[in-house]
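Architecture at a glance
One-letter residues, chain by chain:
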Amino acid sequence: MTLDADWRADLDAVDAALIDGYQSGFPVVDRPFETVADAIAAETGHDVDGNEILERVRDLREAGVFRRFGAVLNPPVIGSSTLAAVQAPADRFEEIAETVNGHRQVNHNYRRDHEWNMWFVVTAGSRTRRDDILSAIESETGCSVLTLPMLTDYYIDLEFPVVNGDRFARESVAGEDASATRISEDARGDLSPLEADLLVAIQDGFPLSATPYRDVAADINSSSTGIDASSAAVRAAIRRLLADGCIKRIGCVVNHVVTGFRNNCMVVWDVPDADLDEYGERVGSLPYVTLCYHRPRRPEQDWPYNLFTMIHGREAEAVDAKIDELAADYLPVPHERLYSTETLKQTGARYEELLSEA
């Protein structure tokens with residue numbers, strides 16, 4: 001799906017406030033659209049109520065601006081996740097992609113313009129199960145797998161304004177605070193029965209209704225798990241999961257590709273280990289960096305890089321210009337640019353499978 005080049009022309013101030021203001025921070029209250037309506041009315045001066053805001057979210061989802069409404073879950077916290085890559089020979093590329101994608105625990109796979117040309121994410125219910133899948137991929141494809149789990153998160157967010165003419169994601173946003181957050185490779189094992197059922201219930205989004213949390217509670221109560229959950233209990237569980245990092249944010253998830261940010265580049269940097277946190281926090285706070293994290297070096301596989309950044313832009317030239325700025329002003333170290341050239345698989349991790357494997 002693509003939108004017309006002038007898709008923003010038909011948006012009013014209420015749409016703009018909703019699209020750019022509620023990609024996160026959606027209220028966890030019984031009638032959240034009423035709360036959002038009050039805030040947008042105060043911001044824009046438009047007289048809107050909860051029903052109108054709800055209809056606007058439905059319309060924007062139907063138009064393709066929003067992919068869904070709900071929670072953005074965090075697979076590396078809930079399960080055991082890793083980025084991985086293989087060097088697929090050109091004459092076997094499609095065959096190897098089919099094999100990799102055939103594993104249900106592979107939820108993203110991209111072709112990148114590099115010697116390591118196939119990059120995918122494996123998320124499983126345990127570290128042992130994750131590593132078994134990687135071993136199976138090596139055996140089935142005959143390709144050595146480069147395994148690069150996230151070790152430190154400096155800044156990770158694909159939330160950015162799209163109702164503008166910005167050249168790259170978050171151009172018009174002030175810098176963010178970035179801090180080093182260590183990531184465990186082991187899956188979380190202390191979810192309550194309600195939290196586990198809740199993650200499964202909301203993985204594809206919340207119901208688009210005036211009382212989404214109440215409706216989620218009703219769905220859980222009607223399931224075969226035997227959990228008896230009130231709306232208040234569901235909201236409390238969501239707040240806990242937000243605080244613990246299992247849920248990254250709640251809001252309207254924008255389709256950044258459809259809305260114009262079609263160019264992205266993963267840049268890998270060889271940063272001195274002693275300076276890694278200093279560089280990561282500094283770069284992660286830059287407004288145009290959408291992802292910044294530490295992954296291990298693999299010198300035995302000729303992989304010397306330990307810091308990863310992502311930049312998303314409307315035009316490839318704008319992305320290149322910001323990478324040049326990064327290299328000149330912030331990261332004067334060896335680096336390589338890995339451009340995404342084809343999406344081979346893009347699905348969400350399935351949480352009923354993660355939790356059953358744990």
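Look above for the structure.
Let us look at the structure shown here.

Procedures and definitions
Residues numbered from 1 in each chain as written. Predicted model: local features only at pLDDT ≥ 70, side-chain atom pairs only at ≥ 80, totals over all residues. Heavy atoms only, no water. Helix = DSSP H or I, 4+ residues; strand = E, 2+ residues; numbered from the N terminus. Areas by Shrake-Rupley, 256 points an atom, 1.4 Å probe, with all protein chains shown as cover. Salt bridge = Lys/Arg side-chain N within 4 Å of Asp/Glu carboxyl O. Contact = heavy atoms within 4.5 Å. Polar contact = N/O pair within 3.5 Å; in protein donor to acceptor, adjacent residues only side chain to side chain. Expected span 1.5 Å × (residues − 1). Buried < 20%, exposed > 50% of the residue type's maximum accessible area, 1.4 Å probe, protein only. Arc of directions from axis to C-beta. Patch = residues over 30% accessible without salt bridge, like charges linked within 9 Å, V, L, I, M, F, W, Y side chains within 5 Å. Lys, Arg positive; Asp, Glu negative; His and termini not counted. Charge placed at Lys NZ, Arg CZ, Asp CG, Glu CD. Phe/Tyr/Trp six-rings, centres within 6.5 Å; stacked < 30°, edge-to-face > 60°. Lys NZ or Arg CZ within 6 Å of the ring centre and 35° of its normal. Axes fitted to C-alpha atoms, helices over the stretch in contact; angles between N-to-C directions. Parallel < 35°, antiparallel > 145°, perpendicular 65-115°, else oblique. Left-handed = near helix turned anticlockwise from the far one by under 90°. Nonpolar A, V, L, I, M, F, W, Y, C, P; charged D, E, K, R; others polar.

1. A look at the overall build of the protein chain
Helix and strand content of the protein chain: 12 helices and 12 strands. Element-wise, carbon and sulfur atoms account for 45% of the exposed surface of the protein chain, whose accessible area totals about 15,400 Å².

2. Let's talk about the pattern of salt bridges
Across all of its chains, the model carries 18 salt bridges by this definition. Measuring nitrogen to oxygen at the nearest pair gives 2.9 Å for the salt bridge that ties R130 to E185. With R130 in helix α6 (residues 127-141) and E185 in the loop between β7 (181-182) and α7 (193-202), this residue pair connects regions lying 55 residues apart in the sequence. Look at the salt bridges and you will find they share partners, linking D12, D15, E52 and R56 into a network.

3. Section: the environment of S81
By secondary structure assignment, the location of S81 is in strand β2 (residues 80-86). Between the C-alpha atom of S81 and that of L148, which follows or precedes it by 67 residues, the distance is 9.4 Å. Apart from residues lying up to four places away in sequence, S81 is in contact with P75, P76, V121, V122, T123, R130 and P149. Separated by 3.5 Å, the side chain of S81 and the backbone oxygen of V122 make a polar contact. At 3.0 Å, the side chain of S81 forms a polar contact with the side chain of T123.

4. Re helix α2 (residues 32-44)
Count 3.6 residues to each turn of an α-helix, and residues three or four apart come out pointing the same way. For α2, which comprises 13 residues, the first-to-last C-alpha distance of 18 Å matches the rise-based estimate of 18 Å (1.5 Å per residue) to within 8%. The set of residues buried in α2 consists of P32, F33, V36, A37 and I40. The arc that holds the buried residues of α2, viewed along the axis, is 130 degrees, so those residues lie on one side. Facing away from the buried surface of α2 by more than 90 degrees, the exposed residues are D38 and A42.

5. Quick word on a negative patch on the surface
Judged by side-chain charge, E34, D38, D47 and D49 come together as a negatively charged surface patch. Residue class for D38 comes out exposed when judged on its relative accessible area of 54%.

6. Some remarks on helix α3 (residues 50-63)
Between its first and last C-alpha atoms α3 spans 20 Å; for 14 residues at 1.5 Å apiece the expected length is 20 Å, and the two agree. Inspection of α3 places G50, I53, L54, R56, V57 and L60 among the buried residues, and these make up the whole buried set. Axial view of α3: buried residues confined to an arc of 160 degrees, hence all on one face. Projecting away from the buried face of α3 at angles above 90 degrees are the exposed residues N51 and E62. Its buried side turned inward, α3 meets α1 (13-21), α2, β1 (66-73) and β8 (247-254). N-cap assignment for α3: the residue whose side-chain oxygen lies 3.2 Å from the backbone N of N51 is D49. G64 occupies a position one or two residues after α3 and carries a positive phi of about 100 degrees.

7. Focus on the packing of aromatic side chains
Under the defined criterion, the tally for this structure stands at 10 aromatic pairs. With a centroid separation of 5.9 Å and an interplanar angle of 80 degrees, the aromatic rings of Y22 and F26 are classed as edge-to-face. A single burial state applies to Y22 and to F26, both of which are buried. With a centroid separation of 4.9 Å and an interplanar angle of 65 degrees, the aromatic rings of F26 and F69 are classed as edge-to-face. You can see F26 sitting in the loop between α1 and α2 and its partner F69 sitting in strand β1, a full 43 residues away along the chain. For the residue pair F26 and F69, the accessibility class agrees, reading buried in each case. An aromatic cluster is built from Y22, F26, F33, F69, F206 and Y213, whose rings are joined through pairwise contacts. Over the ring of F93 we find R111; its NZ or CZ atom is 3.6 Å from the centre of that ring.

8. So, the packing of α1 against α2
Packing of α1 against α2 brings their axes to within 10 Å, and their N-to-C directions diverge by 125 degrees. In terms of axis orientation, α1 runs oblique to α2. Here α1 runs over α2; the crossing is right-handed. In this structure, α1 contributes A13, V14, A17 and L18 to the contact, and α2 contributes V36, I40, E43 and T44. When its residues are assigned to classes, the contact of α1 with α2 shows six nonpolar, one polar and one charged.

9. Some words on the side chain of E185
When its relative accessible area of 16% is taken as the criterion, E185 is described as buried. A polar atom in the side chain of E185 sits 2.9 Å from the side chain of R130. Leave out the neighbours within four places in its chain, and E185 touches S80, R127, R130, P149 and L151.

10. Notes on unusual backbone geometry
In this structure, D302 is a non-glycine residue whose phi angle is positive, near 55 degrees. Tracing the backbone through its elements, the reader meets D302 in the loop between β10 (291-294) and β11 (307-313). Take D302: its relative accessible area is 69%, and that puts it in the exposed class.

11. With respect to the environment of R262
Looking at the element boundaries, R262 is found in the loop between β8 and β9 (263-269). Taking the C-alpha atoms as reference, R262 lies 7.5 Å from E315; in sequence the two are 53 residues apart.

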